Protein chains: 2
Amino acid sequence: MPVKSNFSVTPYSVSGNVDYQKLIKKFGTKPITGTLLRRISKYTGGDLHFMLRRGVFFTHRDLGWLLDRYDQGEKFYLYTGRGPSERTHIGHLIPWTMTKWLQDKFGSKLIFQITDDEKFLSDESLDLSDTRRYAMDNILDIIALGFSKKKTEILIDTDNADILYRNAIRIAKKINYSTVKAAFGFNESTNIGFIFYTSIQAVPSILESVREGRNVPCLIPHGVDQDPHFRVTRDVLPKLGYYKPASIQSIFVPPLSGVSGKMSSSDPNSTIFLTDDPKTVEMKIKKYAFSGGQPTIEEHRKLGGNPDIDVSFQWLKIFFEPDDRKLQKIEDDYKSGALLTGELKSILIEKINSFLEKHQERREKARDVIQDFLVSREDRK
Amino acid sequence: MPVKSNFSVTPYSVSGNVDYQKLIKKFGTKPITGTLLRRISKYTGGDLHFMLRRGVFFTHRDLGWLLDRYDQGEKFYLYTGRGPSERTHIGHLIPWTMTKWLQDKFGSKLIFQITDDEKFLSDESLDLSDTRRYAMDNILDIIALGFSKKKTEILIDTDNADILYRNAIRIAKKINYSTVKAAFGFNESTNIGFIFYTSIQAVPSILESVREGRNVPCLIPHGVDQDPHFRVTRDVLPKLGYYKPASIQSIFVPPLSGVSGKMSSSDPNSTIFLTDDPKTVEMKIKKYAFSGGQPTIEEHRKLGGNPDIDVSFQWLKIFFEPDDRKLQKIEDDYKSGALLTGELKSILIEKINSFLEKHQERREKARDVIQDFLVSREDRK
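Rules and cut-offs
- Residues numbered from 1 in each chain as written.
- Chains lettered and ligands numbered in written order.
- Predicted model: local features only at pLDDT ≥ 70, side-chain atom pairs only at ≥ 80, totals over all residues.
- Heavy atoms only, no water.
- Contact = heavy atoms within 4.5 Å.
- Buried area = accessible area lost by both parts, 1.4 Å probe.
- Salt bridge = Lys/Arg side-chain N within 4 Å of Asp/Glu carboxyl O.
- Polar contact = N/O pair within 3.5 Å; in protein donor to acceptor, adjacent residues only side chain to side chain.
- Helix = DSSP H or I, 4+ residues; strand = E, 2+ residues; numbered from the N terminus.
- Core = buried A, V, L, I, M, F, W, Y, C linked by side-chain atoms within 4.5 Å.
- Buried < 20%, exposed > 50% of the residue type's maximum accessible area, 1.4 Å probe, protein only.
- Domains from an automatic or database assignment.
- Axes fitted to C-alpha atoms, helices over the stretch in contact; angles between N-to-C directions.
- Parallel < 35°, antiparallel > 145°, perpendicular 65-115°, else oblique.
- Left-handed = near helix turned anticlockwise from the far one by under 90°.
- Nonpolar A, V, L, I, M, F, W, Y, C, P; charged D, E, K, R; others polar.
- Pairing = 2+ DSSP bridges.
- Phe/Tyr/Trp six-rings, centres within 6.5 Å; stacked < 30°, edge-to-face > 60°.

## Points about the interface of chain B and chain A
Next up, step 1: The interface of chain B with chain A comprises 37 residues on the first partner and 37 residues on the second.
Next up, step 2: Roughly 3,200 Å² is buried in total at the junction of chain B and chain A, and carbon and sulfur atoms are behind 65% of that figure.
Next up, step 3: When the buried area of chain B at its contact with chain A is split by residue, Y165(B), K173(B) and I192(B) rank highest and sum to 26% of it.
Next up, step 4: Our count for the chain B to chain A interface comes out at six salt bridges.
Next up, step 5: Here D159(A) and R166(B) are joined by a salt bridge, their closest N and O atoms 3.3 Å apart.
Next up, step 6: The interface formed by chain B and chain A holds 22 residue pairs in polar contact (both at pLDDT 80 or more) in total.
Next up, step 7: Breaking the side of chain B that touches chain A down by element, the ones donating at least two residues are α6 (116–122), α8 (161–172), α9 (177–184) and α10 (192–202) of chain B.

Pasting the structure below:
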């Protein structure tokens, strides 16, 4: 008997304990197989990002096709995005870090879309000056990750509507209300800007083709919750003569409160923000990170901990411990009871704070170069 | 017993024999009264355009309020528009000519919106290069009417999305699907660009206020079929702190085939295009203009004609004979039988061809100044 899944994933809400294997079936995506990973490592001199090795990026659309095209000399460009919020958190780093790695390895051009319109349209309490402020702030975190200045352009929806709108309506003309109703759960009271919005998110996936006057393959690294947007996009683009964009899709970084659901900025105690200071990080991990350990040291030494439900371990696995052997040792020691919850948390705290120290430095420096990344910069006109 | 109205008016289709008095009730607009006309003529040194005197502009929203504001020193600006099509016809001249007269009399700034996006989104067979070509062609007719170069800016939706989109989403956020469904008859298969579009048409009615950083009254002369757009707009703008736009609304120029319905470019034999040559005009009027005359000359001399159903007479009344006394004489002579249908048609043919000869000359000259009218021109940046 099929078990009814008690989770829900849309671009606008994630709830329940997400079963990623079931989600693959639900969304109709394909798992990223060993064969595909070996193909990727052919182009990178054997290197394979740990988020690929560990299944943090676990599913895709048309990745094999994209590599076929690459084999035939058709270089792809990258597209990813950000719905700006007051503060970015470590969950946002997953697709961005993968995108940066792919840019480095494949020398790809990147279009980074800041969807301030989406944020504005989806939240009654925000006005455009809020989302503008969020956008300019979040861009600092993006630039801090080290994207190539030459090969990256950051596109802010409300600033770059001259580029976006005329292409968006070409796409919008092929999408009817019943499609977005089904894909995003819209209803009679959904505002008409939000109804239109998915066609704005679709544009970067054709933008290089529009500019070049020929089809250019596009790869979109993104969190799996964004798939409904690109599923709609992929249905439309062939009707306009464009390639469907390929994608690789990541799991969510679990909130500190437990391994189900998706980290959200609206619960600060369940999240590490990229601007948190070391003391705050230490406090949050110690106080809120859900532990897979035993109630007492004695029991823990005897029975060991469960890394599968331990948020600190999961964070190390997903992002903060790139070294597979070190990670394996942590896992083994935790399971055996040799490593206590407090010790595991200390390892994570040190990793996060070391990352954030460098990130926050680069974030400040990013203020000086922000204009160089914007699509409107002079030499792009 | 109330008589069921057998006509329908939306921005996207007009059918049946439009009863304008019933339409006023249906749309909830107000008739343009003698009192209002006398108020207008106070500002124009007693002059009152014949389209106002004769009820071609027959209904309004908030015209009294607009004049109150004017009395208190708040100048209004004008906004009108054009959904570009392959060719413009004489029906399009009605709101444009009124707008030009108001600009002359009140020294008003004018925003003229070219809604190429709307046209593209509403017609499956058109692509953006078609609607672009239509836009650039139709703009020639607009400029030919003699709008002030200094006080007029022509805004092309797909070219000026940088101005439009960020304001449109502020409006769109306050309009839900059920509202546009009711106002425009949308359904599940309506494309999401078209669903969003009304918020783009709304923007020029706040644009001067946005630019000035204070509320500036706006008057929109338009054909009555556009009222649903501005009804939706008017509901939203106060929520954003803006004045509702005022409007004056015109009847439709009847097609040559008869006094019901609305002239449409899709039936060339029922329409005079602004680029028709004199022979074509003569042929169309002689062959297709529905006559209120009698079957034979003898009967006509005896019984007289009916100007109310005679399209040639109606065209003279609506647009081509500004002189009230001359029009009255034509009406009297036609009713008495002194004026034959052929003679009435000759009067109209001469009037149209004389108008078109000058218009087509100015239309050609407009090619040289088109850039001066576009919103993107250098001194506006």
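We are not done yet, so read on.
## A look at the nonpolar core
Next up, step 1: In terms of nonpolar packing, the biggest core is built from 80 residues, with I285(B) and W315(B) touching the most fellow members.
Next up, step 2: Each of domain 1 (8–251) and domain 2 (268–365) of chain B contributes no fewer than three residues to this core.
Next up, step 3: Beyond its immediate sequence surroundings of up to four residues, W315(B) is in contact with I90(B), V253(B), P254(B), L256(B), M263(B), I272(B), I285(B), F320(B), L348(B) and I352(B).
Next up, step 4: Core analysis: the next-biggest nonpolar cluster, separate from the first, contains 79 residues, F76(A), I251(A), F313(A) and L356(A) among them.

## Some details on the domain arrangement of chain A
All names here are of chain A.
Next up, step 1: Domain boundaries in chain A define domain 1 (23–251) and domain 2 (268–365).
Next up, step 2: Each partner contributes to the interface: domain 1 provides 18 residues, whereas domain 2 provides 20 residues.
Next up, step 3: Interface area for domain 1 against domain 2, summed over the two sides, is near 1,800 Å², with a carbon-plus-sulfur share of 64%.
Next up, step 4: For the domain 1 face of the interface with domain 2, the top three residues by lost area are R54, R87 and I90, together amounting to 35%.

## Describing the packing of helix α8 (residues 161–172) of chain A against helix α10 (residues 192–202) of chain A
Residues and elements named next belong to chain A.
Next up, step 1: For the pair α8 and α10, the least separation of the axes is 8 Å and the interaxial angle reads 115 degrees. In terms of axis orientation, α8 runs roughly perpendicular to α10. Handedness of the crossing formed by α8 with α10: right-handed. Across the interface between the two elements, L164, Y165, A168, I169, I171 and A172 from α8 touch F196, S199, I200 and A202 from α10.
Next up, step 2: Its residues placed into classes, the contact of α8 with α10 shows nine nonpolar, one polar and no charged.

## Describing the pairing of strand β7 (residues 152–156) of chain A
Next up, step 1: Counting buried positions along β7(A) yields five of five residues, so the element is predominantly enclosed.
Next up, step 2: Residue alternation in β7(A) divides its side chains into two sets, T152(A), I154(A) and I156(A) and E153(A) and L155(A), and both sets are buried.

## With respect to the sheet that holds strand β8 (residues 218–223) of chain B
Note: strands within a sheet are paired through backbone hydrogen bonds, in either parallel or antiparallel orientation.
Residues and elements named next belong to chain B.
Next up, step 1: Strand order in this open sheet of seven strands is β3-β4-β9-β8-β5-β6-β7, and the pairing throughout is mixed. The strands lining the two open edges of the sheet, one partner per strand, are β3 (30–31) and β7 (152–156).
Next up, step 2: Helix α12 (residues 227–236) rests against β4 (57–61), β5 (77–82), β8 and β9 (246–250) of the sheet, and its axis sits at about 155 degrees to β8.

## Concerning the packing of aromatic side chains
Any aromatic ring pair is given by two values, namely how distant the centres are and how the planes are angled relative to each other.
Next up, step 1: Applying the stated criterion across every chain yields a total of 41 aromatic pairs over all chains.
Next up, step 2: Both rings, one in Y177(A) and one in Y177(B), keep their centres 3.7 Å apart while their planes meet at 10 degrees; by these two values the pair is stacked. Note that Y177(A) is positioned in helix α9 (residues 177–184) and Y177(B) in helix α9, a pairing that runs across two chains.
Next up, step 3: Judged by its relative accessible area of 1%, Y177(B) falls in the buried class.
Next up, step 4: Look at F186(B) and F194(B): their rings are 5.2 Å apart centre to centre, the planes differ by 40 degrees, and that puts the pair in the tilted class.

## Observations concerning the environment of E282(A)
Residue and element names in this part refer to chain A.
Next up, step 1: Mapping E282 onto the fold places it in helix α13 (residues 278–288).
Next up, step 2: Judged by relative accessible area, E282 falls into the partly exposed class, the value being 28%.
Next up, step 3: For the pair E282 and L348, spaced 66 residues apart in sequence, the C-alpha to C-alpha distance is 9.1 Å.

## Comments concerning the packing of α8(B) against helix α11 (residues 204–212) of chain B
All names here are of chain B.
Next up, step 1: Where α8 contacts α11, the axes come no closer than 11 Å and their chain directions differ by 105 degrees. Between α8 and α11, the angle is such that the two are roughly perpendicular. Here I163, L164, N167, R170 and I171 of α8 lie close against α11, whose contacting residues are P204, I206, L207, V210 and R211.
Next up, step 2: Residues of the contact of α8 with α11, tallied by class, amount to seven nonpolar, one polar and two charged.

## Looking at the pattern of salt bridges
Next up, step 1: The tally for this structure, following the rule as stated, stands at 60 salt bridges over all chains.
Next up, step 2: Each of the salt bridges in this network shares a partner with another, and the network as a whole consists of K109(A), E153(A), E208(A) and R211(A).

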